[in-house]
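# Coordinate analysis (summary)
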Amino acid sequence: MTTPHGVVQTPAFMPVGTRGAVKAITGRDLDDLGAEIILGNTYHLYLKPGDGLIARCGGLHKFIGWDHPILTDSGGYQVFSLAAMRRIEEQGSEFRSHIDGSLHMLTPERAVDIQAQLGSDIAMVLDECIGTVPADPKGGSVRAAMERSVRWAERGRRRFIQLRDDPQSSPDVMVTNPGQAQFGIIQGGIELGLRAESVQRTVDIGFEAYAIGGLSVGEPVDLMYDVVSHTAPMLPDDRPRYLMGTGMPDDLIECVARGIDLFDCVLPTRNGRNGQLLTRRGPLVIKNARYAEDMSPPDPDCGCYTCRHFSRAYLRHLFVVGEMTAATLNSLHNLHFYLDTMRRIREAIVFGSFEKLRREFHQTFSRRPQN
Ligand SMILES: [Zn+2]
């Protein structure tokens, strides 16, 4: 995948840099880990420090000192997660800031403008995300959200093309990355028919590439795999396909097998901060007393900085006393594991041994914490 800030080898995993930083991790760490692209959250950056400020500072890449590709989400997911603090209507979504309670309006056009000022390499269109369980048994609300997402996608695309082809028409928007691409998002919950319709109508609008949204929101994992199996092959095969917000390490392998090229997830960093190390054998809960004097590395098969230098005993100590370094070392390991898994997947695809890798992965990996 080629972007204004370089090439991304796919399938790829994007570490999440919510507020302009991958939590507890420096850009130098990300370089060392071989991360080729990161994700930024539009909702958070819009509220603080503000997209206008970031634009005046030269755009997000310059502001955060990261010269490689960045994808930004539309802000929609965070706004919809505010539940009681937001109101969705056709025009857009009105919400109260989680920081100071101030009132804001996110429309499909605003989501484009904010991301144009941030200057990410890939901008996401605003869509309406709803949970998996439909509010009415016939799934009418899932259809309504899918149809509204299509209408918002049309408006978002129109605004994106206007800014791209005629930036002078909007002097109040500073376009900081003229080569920005825009991805459309497929919705439709777990209703396969709605997914097919969403693909057709969204691809008709015409985006640089497409994402599958509205999954990993609490549905059983097999159902998620079914929706991906059904949806991914309908998307243009000459464009990257992005599965938003997924997932566990085995999800990466299973969804690559189903045709996915791009992933993002907070799991490696969030779980790292919570003291959970993800390894080829499964999660390792570092605070457990059994590791108090365990001088072996977290994962003997891992070549990351953390595993090469430190023991479970030391990492447990750091976590238990609340040292900030615990978050850094745990997150480094988890990100290495995710990025290294993607590297192994890419190699296996090139060498025609993906199915072998998939089998071997499942033989050792368990979602249950290891003993
Ligand atoms: Zn490691």
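One can find the structure itself at the top, above this paragraph.
In short, a report on the structure.

How each quantity is defined
- Residues numbered from 1 in each chain as written.
- Predicted model: local features only at pLDDT ≥ 70, side-chain atom pairs only at ≥ 80, totals over all residues.
- Heavy atoms only, no water.
- Helix = DSSP H or I, 4+ residues; strand = E, 2+ residues; numbered from the N terminus.
- Rg over C-alpha atoms; globule rule 2.2 N^0.38 Å.
- Contact = heavy atoms within 4.5 Å.
- Areas by Shrake-Rupley, 256 points an atom, 1.4 Å probe, with all protein chains shown as cover.
- Lys, Arg positive; Asp, Glu negative; His and termini not counted.
- Charge placed at Lys NZ, Arg CZ, Asp CG, Glu CD.
- Core = buried A, V, L, I, M, F, W, Y, C linked by side-chain atoms within 4.5 Å.
- Buried < 20%, exposed > 50% of the residue type's maximum accessible area, 1.4 Å probe, protein only.
- Pairing = 2+ DSSP bridges.
- Axes fitted to C-alpha atoms, helices over the stretch in contact; angles between N-to-C directions.
- Parallel < 35°, antiparallel > 145°, perpendicular 65-115°, else oblique.
- Left-handed = near helix turned anticlockwise from the far one by under 90°.
- Nonpolar A, V, L, I, M, F, W, Y, C, P; charged D, E, K, R; others polar.

### Section: the overall build of the protein chain
Along its length, the protein chain carries 15 helices and 16 strands. Scaling as 2.2 N^0.38, a compact globule of 371 residues should have a C-alpha radius of gyration of about 21 Å, and the protein chain matches this with 21 Å. With respect to the three principal axes, the spread of C-alpha positions in the protein chain is 65 × 45 × 40 Å. Sequence separation of 24 or more characterises 69% of the internal contacts of the protein chain that already satisfy a separation of 6 or more. When the accessible area of the protein chain is evaluated, it comes to approximately 16,000 Å², of which 50% is carbon and sulfur surface. Within the protein chain, the 45 negative side-chain charges are centred at a point lying 4 Å from the centre of the 41 positive side-chain charges.

### Examining the nonpolar core
Grouped together as the largest cluster of nonpolar side chains are 87 residues, with contacts concentrated most on Phe-13, Met-124, Tyr-242, Leu-243 and Phe-263. The leading source of residues in this core is helix 14 (residues 324-351), at ten residues. Leaving out residues up to four positions away in the same chain, Tyr-242 has contacts with Met-14, Leu-39, Leu-71, Met-124, Phe-183, Tyr-210, Ala-211, Ile-212, Leu-262, Phe-263 and Asp-264. The next biggest cluster of nonpolar side chains, apart from the first, holds five residues, and it includes Val-112, Ala-116, Phe-160 and Leu-163.

### Focus on the pairing of strand 9 (residues 103-106)
For a regular strand, side-chain orientation follows a simple rule: the groups alternate between the two sheet faces. Side chains His-104 and Leu-106 of strand 9 all project onto a buried face; the interleaved residues Leu-103 and Met-105 project onto a face where none is buried. In this sheet, strand 9 lies alongside strand 8 (residues 93-96) in antiparallel orientation, the contact comprising four bridges. Within strand 9, the residue paired with Glu-94 across the bridge is Met-105. Between the antiparallel neighbours strand 8 and strand 9 lie six residues, among them Gly-101 with a positive phi of about 75°.

### Observations concerning the packing of helix 10 (residues 249-257) against helix 14
Think of two packed helices as two axes; the pair is described by the angle between the axes and how far apart they sit. At their nearest, the axes of helix 10 and helix 14 sit 10 Å apart, and the two run at 25° to each other. Taken together, the axis directions place helix 10 and helix 14 in an arrangement best described as roughly parallel. By crossing handedness, the relation of helix 10 to helix 14 is classed as right-handed. The segment helix 10 lies against helix 14, with Pro-249, Leu-252, Ile-253 and Val-256 engaging Phe-337, Tyr-338, Thr-341, Met-342, Ile-345 and Ile-349. Within the contact of helix 10 with helix 14, the residues separate by chemical class into nine nonpolar, one polar and no charged.

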